[in-house]
Amino acid sequence: MKTLRETVRVGGLAVAGLTLCLSASAQGVLTVTPGPVTATTAGTGAVGYSGDGGAAVSATLASPSAVAYDSSGNLFVADAANHVIREVLASNGKIQTVAGTGVEGYSGDGGAATSAQLDTPTGIAVDTSGNLYIADSHNHRVRLVSGGTITTIAGTGAAGFSGDGAAATSAQLNMPHGVAVDASGNVYIADTNNFRVRKLSSGNITTIAGTGEQNFAGDAGAATAAALDSPVAVAVDGAGNVYVADLHNQRIRAINTSGVISTVVGSGALSFAGGFGGDGSSATAAALSRPSGVSVDAAGNLYIADSNNQRIRAVTAGGIATLAGNGTQGFAGDGGALNAASFDTPVAAVLDANGDVSVADRGNQRLRGIADSTLNFGSALVGVASATETVTLSNTGNAGLTVSSAAITGPFARTSSSTCATGSITLAASASCTLVLTFTPTTTGTVSGALALNGAGAQPQTIALSGNGTQASTTTMVVSSDPAPFVGDAVTLTATVTPKGAGTPTGTVTFYSNGSPLYASQRLANGSASVITSFSTSGTYAIGATYSGDSNYTTSTAATIVQPVGDFSFNIASGGSSTASVVPGNSAVFNFSLLPVGGPLSFPVAFSATGLPKGATATFSPATLTAGSTAQPFTMSIKTPAQSGMLKRYGPMGGGSTLAVAMLLFPFSGKRKRRLRPLLMTSVGLLSLGTMAMMTGCGTSEGFFGQQAQTYNIIVSGTATSLQGTTLVRTTSVTLTVQ
């Protein structure tokens, strides 16, 4: 519930979000749709005393005559005809009695307030410490409830006037109807039938306004020399100015800190009935009818229970407007616009520190509240914009107006469809604009905010905003840092969780390999989580991830990705041979097949060979090969050198045969010569045959021109390097015989 928090300064006048009757002076009038509404906060409309401990709206009251808030927002009501003070708790809306037994009388001072008797309490006030002051009207006293104990602080109980300048407990009062307290603890009393306002300070009492004469006189002079007629309510602002509801003079009068009195609301010839007029103009030119209550907020705005006009009226910066009420006596309009509400003799209207207003609607046996209008956006997914709601600002006056700002709090925002200007909003007479709002929750549950329309020098007009956030869906995607690692390579797996709308999910992600969890769950950071792993064997792995969800976002599971882990091998091609024989100077060719293992091989394999014959070379075709997904052929050709050295060293006449011939030619003599000749001849023959055999290459144990055949075990290697620098080497062997 708010009041001139429902007010915008327009053309020199701050008025509520209502259509007002204007005087001849030009004024802009801001009408906001939806605008503030009325609501019953306590009472059923039936006269009675019931309901303590339950909801205040289900309780019965009897002639509620005053209301007051404490600093916590708890609401106190002077339930006059029930002779009690009751409290509506801000925390739960339940009602309880805090002073009085419900039996008319006087008793209980020094004891529990709930055991004391009161007689028609008509005024209450609460100080900053939570102490409660009661105008115990028919007991002609002012009483104090502090810490649950009640005492009399002013009045002897005998109706009369006496005691100024002395202890207030020895003074006489006469039907005190209203009471107020300032920040220093000074108490102000509307001493109604003494036609005075009196002040209680440090235990002593004095008169600060009124001579005791029932009349109207004294404006612009000393308040103690002025005449009042049945002052029934008092209020004091933060500066110490005192405001008086001068009932039968149809005015609100003010006593400044210098003690000078003036009329601040109301005018015209005195009459018992008073009148109605002046909305949209100066408050001093307005007409009131039996103003029974007055209060003042922290900004100095006045709120008047204009009882016989069945209205609550507000004064801001010297201008007056009807805040609530259509002027018809009755009960109607709860939940509707303020200017459609009907009251029955409202006698008090007060605000709490938050701008909440409560009205003592005495004839309706209710407390009525003036509440902000509320735009409810319903439910929306966290991070996803809701459907829009529209606020219309209209100038229903006859002059231009300016709203200095339209501030939005909470997860609510204006959209580009709005026609009101950003920043300051200026509206000519009869012009209007719209604010189109949307709700994007950032958390689940009920969320609230406000649209505050601010005008220079006035309280803001506020529209409450509400909505409900619900869990948003998510999608999870997992990726690998390496599309084709080798066995043993480190691989970083990353899962990213994306909500349907804005926002960042929290919680954990569990990674899976072939359906089995990889390590412990990993906590999300900025919407993603990672884990580092490796694979000890080659193959194809199915990698997945599941997001746990949190209070704002639902769980989700990623589609699995295929993670190949590479290796390779190679061997002799089908139908080929791992052995070969070659004559020196010729080439031997071996056919191989390169095979991917565990998945596609996307890295080139380079080939080499060791163990070759001296001087031989190995050539691969191709020199490097990438297998991909299928086996790939390649060849190795070994070129052997020609063996010419033996022909140079060993001819038909060299070596052993030359020696034999030399021996034949060597001259031997005598008998010895005759014995050796047959032997030498045989040797020459044998050597000649050996030489011829060597020249023709015959035999199985000797090679070209008598060389021995050589067999070589050749190691063939394939080498591949991964993106991470891991090197895999795989080998096979072949046999080469050089004849």
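In this text the structure is predicted, and so the values were computed from the model without any measurement. Residues take numbers from 1 onward in each chain, read along the sequence in its written order. Owing to the predicted nature of the model, reporting of local features is limited to residues with pLDDT of at least 70; listing and counting of side-chain atom pairs is limited to 80 or more, with chain, interface and lining totals taken over all residues. Side-chain figures throughout are based on the complete set of non-hydrogen atoms in the structure, without hydrogens or water.

**Remarks on the overall build of the chain**
Operational definition: Strands are runs of DSSP state E lasting at least 2 residues, helices are runs of H or I lasting at least 4, and numbering of each runs from the N terminus. A 1.4 Å probe rolled over the protein chains alone gives each residue an accessible area, and that area as a share of the maximum for its type sets the label: buried under 20%, exposed over 50%, partly exposed in between. Areas reported here follow the Shrake-Rupley algorithm with a probe of radius 1.4 Å; residue values treat only the protein chains shown as occluding.
The secondary structure content of the chain amounts to three helices and 54 strands. Here the chain, with 739 residues, has 48% of them falling under the buried criterion. Carbon together with sulfur atoms contributes 54% to the accessible area of the chain, which is approximately 30000 Å² in total.

**Describing the UniProt feature "repeat: NHL" (unreviewed entry) in the chain**
Formally: UniProt positions are given in the numbering used here, feature names are shortened, and annotations may be inferred rather than shown by experiment.
UniProt records the feature "repeat: NHL" (unreviewed entry) for residues 117-148, 172-203 and 288-318 in the present numbering. In this annotation, residues 288-318 is assigned 0% helix and 55% strand; the end-to-end C-alpha distance for the span is 15 Å.

**As for the side chain of N309**
Operational definition: The definition of a polar contact used here is a pair of N or O atoms within 3.5 Å, where within protein one atom must be able to donate a hydrogen and the other to accept one, and adjacent residues in sequence count solely through side-chain atom pairs. Note on definitions: a residue-residue contact is assigned when non-hydrogen atoms from the two residues lie within 4.5 Å.
In this fold, N309 is placed in the loop between β23 (302-306) and β24 (311-316). Take N309: its relative accessible area is 8%, and that puts it in the buried class. Side-chain polar atoms of N309 contact the side chain of D306, separated by 2.8 Å. Sequence-distant contacts of N309, that is, excluding residues within four places in its chain, are made with G275, F276, A287, L288, S289 and G327.

**Quick word on the packing of aromatic side chains**
The line we're drawing: Planes of paired rings set the category: under 30 degrees apart is stacked, over 60 is edge-to-face and the rest tilted, where pairs are Phe, Tyr or Trp rings (Trp by its six-membered ring) whose centres lie within 6.5 Å. Any Lys NZ or Arg CZ that is within 6 Å of a ring centre and within 35 degrees of that ring's normal is treated as a charge sitting over the ring.
The tally for this structure, following the rule as stated, stands at 12 aromatic pairs. Seen in terms of ring centroids, F377 and F412 are 5.4 Å apart; in terms of plane orientation they differ by 45°. Their pairing is tilted. Of this pair, F377 sits in strand β29 (residues 374-381) while F412 sits in strand β33 (residues 412-414), placing them 35 residues apart in sequence. Classification of F377 as buried rests on a relative accessible area of 8%. Where F592 meets F634, the ring centres are 5.1 Å apart and the plane angle is 15°; that geometry is what we call stacked. Separated by 42 residues along the polypeptide, F592 in strand β48 (residues 587-597) and F634 in strand β52 (residues 632-639) bring together distant segments of the chain. Note on accessibility: F592 and F634 belong to one class, buried. Put simply, the rings of F570, F592, F607, F620 and F634 touch in pairs and so form one group of aromatic residues. The positively charged end of R196 is found above the aromatic ring belonging to F161, 3.6 Å away from the centroid.

**Remarks on the sheet that holds strand β7 (residues 84-88)**
For clarity, the cut-off: Pairing between strands is defined by DSSP: at least two bridges between them are needed. To get an axis, a line is fitted to the C-alpha atoms, and for a helix only the part in contact is used. The angle between two axes follows their N-to-C directions and goes from 0 to 180 degrees.
Read across the sheet, four strands follow the order β5-β6-β7-β8 without closing on themselves; strand pairing throughout is antiparallel. Of all the strands in the sheet, just β5 (64-69) and β8 (95-99) have a single pairing partner and so form its edges. Between one strand axis and the next, the sheet turns through 30° on average, direction left out of account. Summarising the sheet, strand β6 (residues 75-79) and β7 pair through five bridges and their orientation is antiparallel. Across the sheet, F76 pairs through a bridge with E87, a residue of β7.

**Concerning the pattern of salt bridges**
Opposite charge on two side chains allows them to pair when their charged atoms are near. The line we're drawing: By salt bridge we mean one thing: a side-chain nitrogen of Lys or Arg within 4 Å of a carboxyl oxygen of Asp or Glu.
A full pass over the atoms with the stated rule returns 13 salt bridges. Residue R86 pairs with D79 through a salt bridge whose shortest N-O separation is 3.1 Å. Here the two residues R86 and D79 agree in accessibility, since each one is buried. For the salt bridge of D306 with R313, the shortest nitrogen-to-oxygen distance reads 3.0 Å. For D306, a relative accessible area of 0% gives the class buried. By relative accessible area, which is 0% here, R313 ends up buried.

**Re the environment of V447**
Its location among the elements puts V447 in strand β36 (residues 445-454). Between the alpha carbons of V447 and F377 there is a distance of 10.0 Å; along the sequence they are 70 residues apart. Aside from chain neighbours lying at most four places away, what touches V447 is P411, F412, F439, L465, S466 and G467.

**Remarks on the nonpolar core**
Worth spelling out the cut-off: As used in this record, nonpolar core signifies buried Ala, Val, Leu, Ile, Met, Phe, Trp, Tyr and Cys residues forming a set joined through side-chain atoms within 4.5 Å.
Ranked by size, the top nonpolar core spans 30 residues in total, and within it F592, L594 and M636 carry the most contacts. Among the elements of the structure, β46 (567-572), β47 (579-582), β48, β49 (605-610), β52, β53 (710-721) and β54 (727-738) are those that each provide at least two residues to this core. Every residue in contact with F592, bar those within four places of it in the chain, is listed here: F570, N571, I572, A573, Q632, P633, F634, M636, V716, T732 and V734. Within the second largest apolar cluster, 22 residues are counted, among which are V391, C420, L427 and L437.

**Quick look at the pairing of β52**
Examined bridge by bridge, β48 and β52 share eight bridges and lie antiparallel to one another. Bridge pairing in β52 places V589 opposite S637. Strand direction decides the pairing type here: strand β50 (residues 617-621) and β52, joined by five bridges, are antiparallel. For A618, the partnering residue across the bridge sits in β52 and is I638.

**Overview of the confidence of the model for the chain**
Inclusion rule: Per-residue confidence from the prediction method is given by pLDDT, with values spanning 0 to 100.
For the chain, the average pLDDT comes to 87, and 87% of its residues sit at 70 or higher. Below pLDDT 50 for its whole length, residues 1-25 participates in 129 contacts with residues either more than four positions away or in separate chains. In the predicted structure, residues 678-706 sits below a pLDDT of 50 and forms 32 contacts with residues beyond four places in sequence or in another chain.

**What about unusual backbone geometry?**
At the junction of T33 and P34, the peptide bond is cis and its omega measures out at 0° in the coordinates. Position of P34 relative to the elements: it lies in the loop between β3 (30-33) and β4 (37-42). With an omega of -5°, the peptide bond running from S621 to P622 counts as cis. Along the chain, P622 turns up in the loop between β50 and β51 (624-625). The phi dihedral of N526 falls on the positive side, at around 55°, and the residue is not glycine.

**Some remarks on the pairing of β54**
Of the pairings in the sheet, the one linking β47 to β54 comprises four bridges and is parallel in character. By the bridge assignment for β54, A580 is matched with L736. Across 12 bridges, β53 lies against β54 in antiparallel orientation. In the strand pairing of β54, I714 is matched with V734.

**Quick notes on the environment of G501**
Among the secondary structure elements, G501 is positioned in the loop between β39 (490-499) and β40 (508-513). With relative accessibility at 25%, the residue G501 sits in the partly exposed group. Residues G501 and T474, 27 residues apart in the sequence, show an inter-C-alpha distance of 8.8 Å. Setting aside residues up to four positions removed in sequence, G501 forms contacts with G383 and V384.

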